Amino acid sequence: MSRRAAPAALAAYVLHRHDWSESSLILELWTRDRGRIAAIAKGAKRPHSQLRSVLLPFQRLQIVLGGRAERRDEAAPPEIHLLRSAEWAGALPDGRGVAAMPSGAALLAGFHLNELVMRALQRHDPHPRLFDAYALTLPALDRDDEAATAAALRAFELVLLRESGVLPELGRVTQTQQPVEPQARHGLHAERGVTPIDGAGGLSGATLHALEAALAAGDLAALRQACRGALPELRTLLRGLLHYHLDTSMLRTRALMVEIQKLIGTPAPP
C-alpha cells in the first residue's frame, strides 16, 4: 500500500487574520499556486508557538496546508484548511532579502493592497502574475517618497484590473479600435473604455501607449515609470474603475488614510 505524498509547500502572504478561540487564528492567505485560501492556525496565539512571529502581513512565507477533510475541529467554519506549517521564505523573487516591515504611509499603502486583493479575487482562483507583482510592489512602498509609493500603487492596480479581465487595451480607442493619438487626451471609463476627450484632463495617448506596452511585457518597473508621469490623473481614473468593478467605496484603508490626512493636514493619500 503506497503512502500518500506529502503536501507541497506553497509561496504565500497573510492578507488578513482574526482570532479563533483563545489560542488559534483564522487566516486569509494568498498563495501563488492555489489562490486565496482560508486556513486555521491552531495554537498560533500561544506565547511559545513558532507561528506567532511568522504569521505577519507583507512577509513572503512557505506554508504547508492540510486538506479540509483533515480538520478535526468541527467547530471551525466550512471550506477552511488546516495550516500545518509556515516559515519565512527568505529572498524576494528578484533575489534580494526580505523587505522590512513598512511603516507610516507605506504601511497603510500595504494594507490598501491587501484589501484590493481580498475584494478582487475569489478563493481558489490563482493569479501567479498578480502574486509576483504584489511581491515586487511591497518593497517599492517608500514612506519617504510619496511619488514612488503612488506609482507603485497605480502600477499594481493596473495589473490587478488587467488580470481581472476588466481593463481594456489602453493603446486603442475602445469603440473604434483605432490606435490612440499620442498628443490627444483620453478618458478611461468602466463601461466605454478608452475614449477621446476634448480639452484638458484624462491621459495622453503617449502615456496610454507606454502603460499598455509595459503591461503587455509584464515589466513592472516600466509600468511604474509610465505611471509617474500622470499620477494625479491615474489616481482619479483608476479609482473610478476600481469602484465600479470591485465596489471599493468601503475600503477601510482608504477611509483611514483620509481621516489621518484630515487630522494632521497632510496632502491627500497616494
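Calculation criteria
Positions within a chain are numbered from 1, following the residues in the order the chain's sequence is written. Given that this is a predicted model, residues contribute local features only at a pLDDT of at least 70 and side-chain atom pairs are listed and counted only at 80 or more, while totals for whole chains, interfaces and linings are drawn from all residues. Hydrogens and waters are ignored; side-chain quantities use all the structure's heavy atoms. The secondary structure listing takes helices from DSSP runs of H or I that are at least 4 residues long and strands from runs of E that are at least 2 residues long, numbered from the N terminus. Here the expected span of a helix is defined as 1.5 Å times the quantity of residues minus one. The classification of residues rests on relative accessible area computed with a 1.4 Å probe and restricted to protein chains. Under 20% of the type maximum is buried, over 50% is exposed, and intermediate values are partly exposed. What makes a nonpolar core is a set of buried Ala, Val, Leu, Ile, Met, Phe, Trp, Tyr and Cys residues whose side-chain atoms join them at distances within 4.5 Å. Whether two residues are in contact is decided by their heavy atoms: any pair within 4.5 Å suffices. The pairing criterion for strands is at least two bridges between them, as found by DSSP. Pairs were defined over the aromatic rings of Phe, Tyr and Trp, the Trp ring being its six-membered one, requiring ring centres within 6.5 Å. Orientation was assigned from the angle between planes: stacked under 30 degrees, edge-to-face over 60, tilted for the rest. Any carboxyl oxygen of Asp or Glu within 4 Å of a side-chain nitrogen of Lys or Arg constitutes a salt bridge here.

Moving on to helix 4 (residues 205-217). Compared with the 18 Å implied by 1.5 Å per residue over 13 residues, the 18 Å span of helix 4 between its first and last C-alpha is a close match. What helix 4 keeps buried is the set Gly205, Thr207, Leu208, Leu211, Glu212, Ala214 and Leu215. In the segment just after helix 4, Gly218 is the residue with positive phi, at about 65°.

In a soluble, globular protein the nonpolar side chains are often hidden away together inside. By size, the foremost hydrophobic cluster in this structure holds 53 residues, and its most contacted members are Tyr134, Leu158, Leu170, Leu211 and Leu223. Counting only elements with at least two residues in this core, the list comes to strand 1 (10-20), helix 1 (104-120), helix 2 (128-137), helix 3 (146-163), helix 4, helix 5 (220-228) and helix 6 (231-246). Once residues lying within four places of it in the same chain are set aside, the contact partners of Leu170 are Leu158, Arg162, Val180, Leu188, Val194, Leu208, Leu211, Glu212 and Leu215. Ranked by size, the runner-up nonpolar core spans 18 residues in total, among them Ala12, Val14, Leu61 and Ala86.

Even without a glycine there, the phi angle at Phe58 is positive, about 70°. With respect to the helices and strands, the residue Phe58 is situated in the loop between strand 3 (35-41) and strand 4 (61-66). The exposure class of Phe58 is buried, given its relative accessible area of 4%. Phi is positive for His124, close to 65°, though the residue is something other than glycine. Along the polypeptide, His124 turns up in the loop between helix 1 and helix 2.

Moving on, we get to the sheet that holds strand 6 (residues 185-189). Read across the sheet, three strands follow the order 7-6-8 without closing on themselves; strand pairing throughout is antiparallel. Of all the strands in the sheet, just strand 7 (193-197) and strand 8 (203-204) have a single pairing partner and so form its edges.

Quick look at the packing of aromatic side chains now. Going through the model one piece at a time under the given rule, you end up with six aromatic pairs. Pairing Tyr13 with Tyr134 gives two aromatic rings, centres 4.9 Å apart and planes at 70°, and the pair type is edge-to-face. Of this pair, Tyr13 sits in strand 1 while Tyr134 is found in helix 2, placing the two residues 121 residues apart along the sequence. Each of the two residues, Tyr13 as well as Tyr134, counts as buried. Pairwise contacts between aromatic rings join Tyr13, Trp30, Phe131, Tyr134 and Phe156 into one cluster.

Moving on, we get to the pairing of strand 2 (residues 24-31). Counting buried residues in strand 2 gives eight out of eight residues, a clear majority hidden from the surface. Neither face of strand 2 is left uncovered, since the one carrying Ser24, Ile26, Glu28 and Trp30 and the one carrying Leu25, Leu27, Leu29 and Thr31 both have all their residues buried. The pairing of strand 1 with strand 2 spans eight bridges and is antiparallel. The residue of strand 2 that forms the bridge with Arg17 is Leu27. The antiparallel hairpin formed by strand 1 and strand 2 contains three residues in its connecting segment, where Ser21 sits at a positive phi of about 70°. Looking at chain direction, strand 2 and strand 3 are connected through seven bridges and run antiparallel. Residue pairing across strands places Glu28 opposite Ala38, the latter belonging to strand 3. Taking the residues that link successive antiparallel strands as the turn, the strand 2-strand 3 hairpin has three residues.

The next subject is the pattern of salt bridges. Two side chains bearing opposite charge may form a pair once their charged atoms approach each other closely. All told, the structure shown has eight salt bridges when counted by the stated rule. Notably, a salt bridge pairs Asp19 with Lys45, separated by 3.6 Å at the nearest N-O pair. In this pair, Asp19 is assigned in strand 1 and Lys45 in the loop between strand 3 and strand 4, connecting sequence segments 26 residues apart. Taking relative accessible area as the criterion, Asp19 reaches 51% and is therefore assigned exposed. Here Lys45 falls in the partly exposed class, since its relative accessible area comes to 25%. The shortest N-O distance in the salt bridge between Glu212 and Arg162 comes to 2.9 Å.

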